[in-house]
Amino acid sequence: METRSGNTDKVKAHNRYGDPWIWGVYCTLCLVSVVEAFSASIQQVGTAGLYGPISKHIITLLIGVAALFVTQLVSFKRKVFTWSIIGFAVITLVALVYVMEHGQVINGAMRSLSFFGFSVQPAELAKLATVLLVAFIMSRYQEPGGVRNIGVVLSAFVVLLFGGLTYKQGFTNTAILMSISLSMMLIGGVQVKKFVVVLLVYGVVAAGYMSWSKGGDDSGSGDDVVAENVDEKVISRSTTRENRIARFDWNEDTCLEHPLTDMYKQEQYAYMARAHGGFWGVFPGNSRESSRLPLAFSDYIYSIIIEEMGLFGGIALLAFYLALLARAGRIARRCTRAFPALLVLGMAVMITIQALSHIAINCGMVPVSGQPLPLISAGGSSIVVINIAFGVMIGVSKYATQRGDNGRIELVGSGGDDRSRVLQAKNLTQVN
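Remember, predicted model here, so these are calculated numbers, not experimental data.

### Thoughts on the overall build of the protein
Part 1: Secondary structure assignment for the protein yields 15 helices and 7 strands.
Part 2: Taking all 432 residues of the protein together, 51% fall into the buried category.
Part 3: Restricting the contact set of the protein to residue pairs at least 6 apart, pairs at least 24 apart contribute 70%.
Part 4: In the structure as shown, the protein presents an accessible area of about 19,700 Å², 64% of it carried by carbon and sulfur atoms.

### A closer look at the packing of helix H6 (residues 122-140) against helix H8 (residues 171-187)
Part 1: Where H6 contacts H8, the axes come no closer than 10 Å and their chain directions differ by 20 degrees. With respect to H8, the axis of H6 lies roughly parallel. Pair H6 / H8 crosses with right-handed handedness. Two secondary-structure elements touch here, H6 through Ala123, Ala126, Lys127, Thr130, Val131, Val134, Ala135 and Met138 and H8 through Asn173, Ile176, Leu177, Ile180, Met184 and Met185.

### Side note on the packing of aromatic side chains
Part 1: Under the criterion given, the structure shown has 7 aromatic pairs.
Part 2: One aromatic cluster is present, formed by Trp23, Tyr26, Phe69 and Phe390 through successive ring pairs.

### Observations concerning the environment of Leu132
Part 1: Residue position: Leu132 is located in helix H6.
Part 2: In this structure the C-alpha to C-alpha distance between Leu132 and Phe81, which are 51 residues apart in sequence, comes to 10.0 Å.
Part 3: Excluding anything up to four places from it in sequence, Leu132 contacts Phe81, Ile85, Phe88, Leu343 and Met347.

### Some details on helix H2 (residues 20-39)
Part 1: A rise of 1.5 Å per residue sets the reference length of H2, with its 20 residues, at 28 Å; its end C-alpha atoms lie 29 Å apart and thus fit the reference within 8%.
Part 2: Measuring from the side-chain oxygen of the N-cap residue of H2 to the backbone nitrogen of Trp21 gives 3.1 Å; that N-cap residue is Asp19.

### So, the confidence of the model for the protein
Part 1: Per-residue confidence for the protein gives a mean pLDDT of 78, with 72% of residues at or over 70.
Part 2: Across residues 1-13, where pLDDT falls below 50, the model places 6 contacts with residues more than four positions away in sequence or in other chains.
Part 3: Low pLDDT, under 50, characterises residues 216-231; the predicted model gives this stretch 36 contacts beyond four residues in sequence or across chains.

### A closer look at the environment of Asp299
Part 1: Along the chain, Asp299 turns up in the loop between helix H11 (265-277) and helix H12 (301-333).
Part 2: With a relative accessible area of 14%, Asp299 lands in the buried category.
Part 3: Along the sequence, Asp299 and Val368 sit 69 residues apart, while their C-alpha atoms lie 9.6 Å from each other.

### A short note on the pattern of salt bridges
Here the idea is simple: oppositely charged side chains can pair when their charged atoms come close.
Part 1: The tally for this structure, following the rule as stated, stands at 5 salt bridges.
Part 2: Here Glu143 makes a salt bridge to Lys194, at a shortest N to O gap of 3.8 Å. Of this pair, Glu143 sits in strand E4 (residues 142-143) while Lys194 sits in helix H9 (residues 192-216), placing them 51 residues apart in sequence.
Part 3: On the basis of relative accessible area, Glu143 is assigned to the partly exposed category, the value being 31%.
Part 4: Using a relative accessible area of 18% as the deciding quantity, one classes Lys194 as buried.
Part 5: Here Glu289 and Arg292 are joined by a salt bridge, their closest N and O atoms 2.8 Å apart.
Part 6: Residues participating in the shared-partner salt-bridge network are Arg288, Glu289 and Arg292.

### Overview of a nonpolar patch on the surface
Part 1: Taken together, the side chains of Phe279, Trp280, Leu311, Phe312 and Ile315 make up a nonpolar region of the molecular surface, amounting to roughly 560 Å² of accessible area.
Part 2: The residue Phe279 is located in the loop between H11 and H12 in this model.

### Some points on the nonpolar core
One recurring pattern in soluble globular proteins: nonpolar side chains tend to sit buried together.
Part 1: Within the largest apolar cluster, 98 residues are counted, with the highest numbers of intra-cluster contacts made by Met347, Leu373 and Phe390.
Part 2: When near neighbours in sequence (up to four residues on either side) are disregarded, Leu373 contacts Ser298, Ile301, Tyr302, Ile305, Leu317, Tyr321, Ala355, His358 and Ile359.

### Notes on the side chain of Ser139
Part 1: Relative to the helices and strands, Ser139 resides in helix H6.
Part 2: Among the polar contacts made by the side chain of Ser139, one reaches the main-chain carbonyl oxygen of Phe136 at a distance of 2.9 Å.

### Description of the packing of H11 against H12
Part 1: Axis separation between H11 and H12 bottoms out at 7 Å; the angle between their running directions is 15 degrees. By the criterion of interaxial angle, the relationship of H11 to H12 is roughly parallel. Read as a crossing pair, H11 and H12 show a hand that is left-handed. Between H11 and H12, the contacting residues are Ala270, Ala273, Arg274, His276 and Gly277 on the first element and Ser303, Ile306, Glu307 and Gly310 on the second.
Part 2: Counted by class, the contact of H11 with H12 contains 3 nonpolar, 4 polar and 2 charged residues.

### As for H8
Part 1: Between its first and last C-alpha atoms H8 spans 24 Å; for 17 residues at 1.5 Å apiece the expected length is 24 Å, and the two agree.
Part 2: Across the 17 residues of H8, 12 count as buried, placing the element largely inside the fold.
Part 3: Listed as buried for H8 are Thr172, Asn173, Thr174, Ile176, Leu177, Met178, Ile180, Ser181, Leu182, Met184, Met185 and Ile187.
Part 4: Looking one or two residues past H8, Gly189 carries a phi angle of roughly 85 degrees, positive in sign.

### Re the environment of Phe283
Part 1: Here Phe283 shows up in the loop between H11 and H12.
Part 2: The sequence separation of Phe283 and Gly310 amounts to 27 residues, and the corresponding C-alpha distance is 8.3 Å.

### Describing unusual backbone geometry
Part 1: One non-glycine residue, Phe283, lies in positive phi territory at about 80 degrees.
Part 2: Even without a glycine there, the phi angle at Leu295 is positive, about 55 degrees.
Part 3: Mapped onto the elements of the fold, Leu295 is located in the loop between H11 and H12.

Each value, and the rule that gives it
All residue numbers refer to position in the chain's written sequence, counted from 1. This being a predicted model, a pLDDT of at least 70 is required before a residue's local features are given, and a value of 80 or more before pairs of side-chain atoms are given or counted; all residues contribute to the totals for chains, interfaces and linings. Only heavy atoms go into the side-chain values, all of them from the structure, while hydrogens and water stay out. Numbering of helices and strands starts at the N terminus; helices are DSSP runs of H or I of at least 4 residues and strands are runs of E of at least 2. Burial here depends on accessible area, computed with a 1.4 Å probe over protein chains only, as a share of the maximum for the residue type. Under 20% is buried, over 50% is exposed, and the range in between is partly exposed. Contacts are residue-level and defined by heavy atoms, with any inter-residue pair within 4.5 Å sufficient. With residues, only the protein chains shown are counted as cover, and all accessible areas are computed by Shrake-Rupley using a 1.4 Å probe. Axes here refer to lines fitted to C-alpha atoms; in helices the fit is confined to the stretch in contact. Angles between the N-to-C directions go from 0 to 180 degrees. By the definition adopted for this analysis, an angle is roughly parallel if under 35 degrees, roughly antiparallel if over 145, roughly perpendicular if from 65 to 115, and oblique otherwise. Helix crossings are classified by the rotation of the near helix relative to the far one: an anticlockwise turn of less than a right angle makes the crossing left-handed, while a clockwise turn makes it right-handed. Working definition: rings of Phe, Tyr and Trp (its six-membered ring) pair if their centres are within 6.5 Å, and the pair is stacked with planes under 30 degrees apart, edge-to-face with planes over 60 apart, and tilted otherwise. Working rule for helices: expected span equals 1.5 Å times residues minus one. Any pair of nitrogen or oxygen atoms within 3.5 Å is treated as a polar contact; in protein, a donor-acceptor pairing is required on top of that, and neighbouring residues in sequence qualify only through side-chain atoms on both sides. Within a predicted model, pLDDT stands for the predictor's per-residue confidence, ranging from 0 to 100. We define a salt bridge as a side-chain nitrogen of Lys or Arg found within 4 Å of a carboxyl oxygen belonging to Asp or Glu. Within the patch definition used here, like charges are joined within 9 Å and nonpolar side chains (Val, Leu, Ile, Met, Phe, Trp, Tyr) within 5 Å, considering only residues with over 30% relative accessible area and no salt bridge. Among buried residues, the Ala, Val, Leu, Ile, Met, Phe, Trp, Tyr and Cys ones that are joined through side-chain atoms within 4.5 Å form a nonpolar core. Each residue is assigned to one of three groups, with Ala, Val, Leu, Ile, Met, Phe, Trp, Tyr, Cys and Pro labelled nonpolar, Asp, Glu, Lys and Arg labelled charged, and all others, Gly among them, labelled polar.

Here it is, written out as structure tokens:
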């Protein structure tokens, strides 16, 4: 069905720059990032100067913006995009293996490597690689009513491979990878029986690996301390996890009764920051706890946001992440092919799950673990990866053609690939 010229002009204007709602969420998060990173960087002022930390953060954001603009120009045609996905996955695997033996130690674990003077955390790259590979695999093996067995097996294998390599850097990373893949399987229409089997396999493998690592990990005392620099020894991650889980039965009424030591101060100062903020907050720049809360500029920046913007600001920020997921779902429902639909939703799921993990840790809903708040926490690898994810979402919405009154979207240049599994709009709606 032909569209009227007026509607066509609006569609072209809309697609020229990508989805405006995604751009709106992105710009808002960048603004919050600059303001709160500057406010929460007081601990670094003594060594880097007043504007040193924020200057570094802005430079990282600009690098991320450049990555976004490059990514949103990429054509997501399967024949062109396949080798890029495979190449990125191989590079990520090599980096994960390398960092296990030769990485820089951060907070008691080998997490990063130096690349031309830049610190790179392969665990962040693994999240992006997982989304790309799972989206590609499940779109390739679509069948009426779900996903073929080989697609489910390959997707689960990818997650277990990357999850196993990131486990020693922090169990939270592995849990996030599993959560992302399970969400994408639900979105991709994996049958209930297959989904339950994958869930059980994840549980069995995770439990077995935790037991094995606990029995064989004697790399340190396991004291749960907060690192002030990267020049430290590797500590026992299994013992650290046990310590954190053991004190997870705290509640806000009793946590302040414990002495202020390295083992307890993260939870205690985070609670003080939330309590100090109240409903409306103390306004950006007036944080009291940013000078005392360990890693306030990264792992605990949400607590500083609540202190400065109050409960209202914290809920509003959470709403932006959820709105991003909802908007990605709307774009995916209008796709006629599985690959772009899974791609845009996978990126949104990755960002949202990571944000929810960070917020849950800061609010004491789950045991303490280091996880950056997407696009806001200081950290080069995370910011660049999240920018690439936004670039993919904008690219999918940008390089699309709106046809007819039903508003379906099809990737420009994606037709003609015999391996692509075309989904009708009604079937894709059921998938989502």
